[in-house]
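Commentary on secondary and tertiary structure
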Amino acid sequence: MKQKGWKDLPPGSVVLEGGSAVNFKTGSWRAYRPIWNKENCIQCLLCWIYCPDMAIKVKDGKRGEFDYDYCKGCGICALECPGKKGKNAIEMIEEGK
Ligand code: SF4
Ligand code: SF4
């Protein structure tokens, strides 16, 4: 049976397997890698809120490591991180260094 294209579907159709980024490991796009310096982290979770890729793991209300499979290295988390006493808890380094 020939599969239908989107133009063949009537308005309001339900597509059972919708688009998802889960299967796309976008971390391979990264030119810069964020590094978490735990000693400067105040667990404010701003990095988690601002990350556009949900690439920061949180468990029991505490920030965990980066999920490098999905982190694209945009640096937003490092920009927003207040850190402890003005010492940023996220540093961006060149990928591969
Ligand atoms: S660098 Fe960008 S994509 Fe990676 S964890 Fe930070 S905010 Fe998310
Ligand atoms: S924004 Fe910075 S201080 Fe806040 S949880 Fe993230 S790494 Fe820690």
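As a starting point, this report considers the structure included with it. (Residues numbered from 1 in each chain as written. Chains lettered and ligands numbered in written order. Predicted model: local features only at pLDDT ≥ 70, side-chain atom pairs only at ≥ 80, totals over all residues. Heavy atoms only, no water.)

**Some remarks on the nonpolar core**
Across soluble globular proteins, nonpolar side chains have a tendency to be buried as a group. The biggest cluster of nonpolar side chains holds 14 residues, and the ones touching the most others in it are I56, F66, C77 and I90. Residues contacting I56, with those up to four places away along its chain left out, are C47, W48, C51, R63, G64, E65, F66 and C77. (Core = buried A, V, L, I, M, F, W, Y, C linked by side-chain atoms within 4.5 Å. Buried < 20%, exposed > 50% of the residue type's maximum accessible area, 1.4 Å probe, protein only. Contact = heavy atoms within 4.5 Å.)

**Concerning the site of ligand 1**
The environment of ligand 1 is made up of P34, C51, P52, D53, I56, F66, C71, K72, G73, C74, G75 and C77. Broken down by class, the residue content of the shell around ligand 1 amounts to eight nonpolar, two polar and two charged. (Near = heavy atom within 4 Å. Nonpolar A, V, L, I, M, F, W, Y, C, P; charged D, E, K, R; others polar.)

**Observations concerning the site of ligand 2**
Residues in close proximity to ligand 2 total 13 residues, the closest being C41, C44, L45, C47 and C81. Of the residues assigned to the shell around ligand 2, the class counts are 10 nonpolar, two polar and one charged.

**Concerning the pattern of salt bridges**
For the structure on display, the rule yields four salt bridges. With a shortest N-O distance of 3.8 Å, K25 and D69 are connected by a salt bridge. Of the two residues, K25 is situated in the segment before β1 (32–36) and D69 in the loop between β3 (62–66) and α2 (76–80); the sequence distance between them amounts to 44 residues. One salt-bridge network, in which partners are shared between bridges, spans R30, R33 and E95. (Salt bridge = Lys/Arg side-chain N within 4 Å of Asp/Glu carboxyl O. Helix = DSSP H or I, 4+ residues; strand = E, 2+ residues; numbered from the N terminus.)

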